[in-house]
Amino acid sequence: MKPAPFAYQAARSVDEAVALLDEHGSAAKVLAGGQSLMLDLHYRRTRPALLVDVNGVEELVGHGVDDGHLVLGALVRHADLERPVVDDPVGALLAHVAPYVAHPPIRARGTFAGSLAWAHPAAEWCAVAVALDAEIGLHGPSGRRVVAAAEWFHGPHRTDRTAQELVTEVRLPLLGAGTGIGFAEHRRTHGSFAFAAAVAAVGVAEGRVAWARIAMANAGPVPVRATTAERALAGQSVASCDGAVSEAGAAAAREADPRPEPHGSVEYRRHVLAVLVRRSLRQALGSAAAQVTRPPAGRG
Ligand SMILES: Cc1cc2nc3c(=O)[nH]c(=O)nc-3n(C[C@H](O)[C@H](O)[C@H](O)COP(=O)(O)OP(=O)(O)OC[C@H]3O[C@@H](n4cnc5c(N)ncnc54)[C@H](O)[C@@H]3O)c2cc1C
């Protein structure tokens, strides 16, 4: 099928893009990487009167560190994150997760911010954003506002963004030395969306879990933060936390809200989520331990 006819404008600045969105409201769609939008256009799932192309907006390009956060401009592509963009475990986590997002050609164009704007329940970056308490920066006709990832997702393909707003950046807190990271995903074929996925970050101090952050993808209509599972781990000795990790997996599966679908019953989906949460936690605990035992630079 061909897309329904639409007008096209290439914005040159955030202000120009916002002015166009303000003028056209829900009749306009932002074009970022186009890796989800073009499919929606072709299947006529959406029929915008206007596409506002933001790919030429210099202000949205690149990343940096600001006030304890890694700041990703809205044009940071999935592929830009395949190598750590910052010397902090958050960079390692993004690099670990990036290869799971679709295929290389899609990663070359698709954007991190576009993934959050599109809000697919199985999207890896959406789960990462919820696990890390990311903040989403928006510009609209009344100026700038920031939304916490916990408040961002309203449902599949529904977010806190209004039609007049442009996502300009995503802010991810730096995790700091001593933080372990983990990610585990089950998908039916290479490059397909996650059947289920789990992301974990674990802060370790003096041999104990100081804090844990866990979120799951495709575990409900929006990414699910597993707060009971996180509490089950806090304070546990890293050397002997197998039982707590198992308990956390089971708790996370209970916190999930999976829907039945042709490829798996609710029970099966919960089982897979429990397994993935345990795997991501074991990776995270392992990577935290490796930082403790790593020899100082320049020696052995
Ligand atoms: C075959 C295939 C497999 C895929 N597999 C995966 C996968 O495994 N995991 C995964 O997470 N994703 C997957 N995707 C989706 C891909 O990651 C997209 O790139 C991503 O979801 C959307 O990013 P984009 O930059 O391409 O956004 P676009 O397609 O340009 O836009 C998507 C939506 O978000 C809005 N939008 C985008 N940017 C902004 C902004 N800055 N401000 C306001 N609104 C904005 C658009 O208006 C549109 O409604 C897959 C896509 C395809 C085609």
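All residue numbers here refer to positions counted from 1 along the written sequence of the relevant chain. For a predicted model such as this one, the threshold for reporting local features is a pLDDT of at least 70, and the threshold for listing and counting side-chain atom pairs is 80 or more; totals across whole chains, interfaces and linings nevertheless cover every residue. Here the side-chain values reflect all heavy atoms present in the structure, with hydrogen atoms and water set aside.

The name an unreviewed UniProt entry assigns to the protein chain is Carbon-monoxide dehydrogenase medium subunit, from the organism Streptosporangium subroseum.

### With respect to helix H9 (residues 242–255)
Count 3.6 residues to each turn of an α-helix, and residues three or four apart come out pointing the same way. To keep things clear, this is the line we draw: A run of H or I in DSSP becomes a helix once it reaches four residues, and a run of E becomes a strand once it reaches two; helices and strands are each numbered from the N terminus. The length a helix should cover is 1.5 Å for every residue beyond the first. Each residue is placed in one exposure class: buried if its accessible area under a 1.4 Å probe, protein chains only, is under 20% of its type's maximum, exposed if it is over 50%, and partly exposed if it falls in between.
Here H9 contains 14 residues, and its C-alpha end-to-end distance of 20 Å stays within 8% of the 20 Å for a straight helix at 1.5 Å per residue. Listing the buried residues of H9 in full gives Ala-244, Val-245, Ala-248, Gly-249, Ala-251, Ala-252 and Ala-253.

### A few points about the site of the ligand
Quick reminder of the rule: Any residue with a non-hydrogen atom lying within 4 Å of a molecule or strand is treated as near it. Counted as a polar contact is a pair of N or O atoms within 3.5 Å, where, for protein atoms, one must be capable of donating a hydrogen and the other of accepting one, and residues adjacent in sequence contribute only when both atoms are in side chains. The protein chains shown are the only cover counted for residues, whose accessible areas, like all others here, come from Shrake-Rupley with a 1.4 Å probe.
The environment of the ligand is formed by 30 residues, the closest being Val-30, Gly-34, Leu-37, Thr-111 and Glu-124. Within the backbone of Gly-34, one N or O atom sits 2.7 Å away from an oxygen atom of the ligand. Here an oxygen atom of the ligand sits 3.1 Å away from a polar atom, N or O, in the main chain of Ala-102. Burial of the ligand by the protein chains amounts to 92% of its free accessible area of 960 Å².

### Quick look at helix H3 (residues 89–97)
Defined as follows: The contact rule is simple, with two residues in contact once any of their heavy atoms fall within 4.5 Å.
A large share of H3 lies buried, amounting to seven of its nine residues. Regarding H3, the residues found buried are Pro-89, Val-90, Gly-91, Leu-93, Leu-94, Ala-95 and Val-97. Structurally, H3 contributes buried residues whose contacts are with strand S5 (69–73), helix H5 (112–118), helix H6 (124–131), strand S10 (166–173), strand S11 (179–186) and strand S12 (196–205). For H3, the N-terminal capping position is held by Asp-88, with its side-chain oxygen 2.9 Å away from the main-chain nitrogen of Val-90.

### Focus on the layout of surface pockets
Where empty space is left can be seen by rolling a probe of water-molecule size over the atoms. Let me state the cut-off plainly: Buriedness for pockets is judged along seven lines, at least five of which must meet protein on both sides within 12 Å for an open set on the 1 Å grid over protein atoms alone, while cavities are sets there where a 1.4 Å probe fits but cannot get out, and lining residues have an atom within 4 Å of a point. Grid points are joined across faces, edges and corners, and a volume is the space filled by probe spheres set on the points.
Space inside the largest pocket adds up to approximately 1200 Å³. In terms of lining residues, the largest pocket is bounded by 45 residues, among which Ser-36, Leu-37, Gly-114, Ala-117 and Trp-118 are the most central. When residues of the lining of the largest pocket are traced back to their parent elements, those giving at least two are strand S2 (28–31), helix H2 (37–42), H5, H6, strand S9 (158–159) and S10. Top element by residues in the lining of the largest pocket is H5. It accounts for five residues.

### Overview of the sheet that holds strand S7 (residues 143–148)
Defined as follows: A strand pair is defined by DSSP finding two or more bridges across the two strands. Fitting a line to C-alpha atoms yields each axis, with helices limited to the stretch in contact; the angle taken between N-to-C directions then spans 0 to 180 degrees.
Spatial ordering of the open sheet is given by S4-S5-S10-S6-S7, a layout of five strands whose pairing is antiparallel. Because the sheet does not close on itself, it has two edges, and the strands there are strand S4 (63–66) and S7. Neighbour-to-neighbour, the strand axes of the sheet open up by a mean angle of 25°, direction not taken into account. Together, strand S6 (135–140) and S10 form the strand contacts of helix H1 (residues 14–24), whose direction differs from that of S10 by roughly 120°.

### Description of the pairing of S4
For a regular strand, the rule is simple: side chains alternate between the two faces of the sheet. Here S4 pairs with S5 via four bridges, running antiparallel. The partner of His-63 across the bridge, within S5, is Leu-72. The turn linking S4 back onto S5 is made up of two residues, and Asp-67 within it adopts a positive phi angle of 50°.

### Section: the sheet that holds strand S13 (residues 208–217)
Ordered by their spatial adjacency, four strands build an open sheet running S11-S12-S13-S14, and the pairing between neighbours is antiparallel. Edge positions in the open sheet fall to S11 and strand S14 (224–225), since each of these has one partner strand only. The pairing of S11 with S12 spans eight bridges and is antiparallel. The residue of S12 that forms the bridge with His-186 is Ala-196. Seen against the sheet, H3 touches S11 and S12 and runs at an angle of roughly 15° to S11. Contacts from H6 reach S11, S12, S13 and S14 within the one sheet, and its direction differs from that of S13 by about 145°.

### Quick word on the UniProt feature "domain: FAD-binding PCMH-type" (unreviewed entry) in the protein chain
As a reminder of what qualifies: UniProt positions are given in the numbering used here, feature names are shortened, and annotations may be inferred rather than shown by experiment.
As annotated by UniProt and renumbered to match this structure, "domain: FAD-binding PCMH-type" (unreviewed entry) occupies residues 1–177. Here residues 1–177 is 29% helix and 26% strand, with 51 Å between the C-alpha atoms at its ends.

### Here's the deal with the packing of aromatic side chains
We count it as follows: Only the six-membered ring of Trp is used, alongside the rings of Phe and Tyr, when aromatic pairs are assigned; centres must lie within 6.5 Å, and planes under 30 degrees apart are stacked while those over 60 apart are edge-to-face, with the rest tilted. Sitting over a ring, as applied to charges here, requires NZ of Lys or CZ of Arg to be within 6 Å of the ring centre and within 35 degrees of the ring normal.
Going through the model one piece at a time under the given rule, you end up with four aromatic pairs. When the ring of Trp-118 is compared with that of Phe-193, the centres are 6.4 Å apart and the planes differ by 40°; the resulting orientation is tilted. With Trp-118 in helix H5 and Phe-193 in the loop between S11 and S12, this residue pair connects regions lying 75 residues apart in the sequence. Taking the centre distance of 5.6 Å and the plane angle of 50° together, the rings of Phe-195 and Tyr-268 count as tilted. Of this pair, Phe-195 sits in the loop between S11 and S12 while Tyr-268 sits in helix H10 (residues 266–293), and the two are 73 residues apart along the sequence. When its relative accessible area of 37% is taken as the criterion, Tyr-268 is described as partly exposed. Between Arg-213 and the ring centre of Trp-211, over which it is positioned, the NZ or CZ distance is 4.6 Å. Sitting above the plane of the Phe-195 ring, Arg-269 keeps its charged end 4.4 Å from the centroid.

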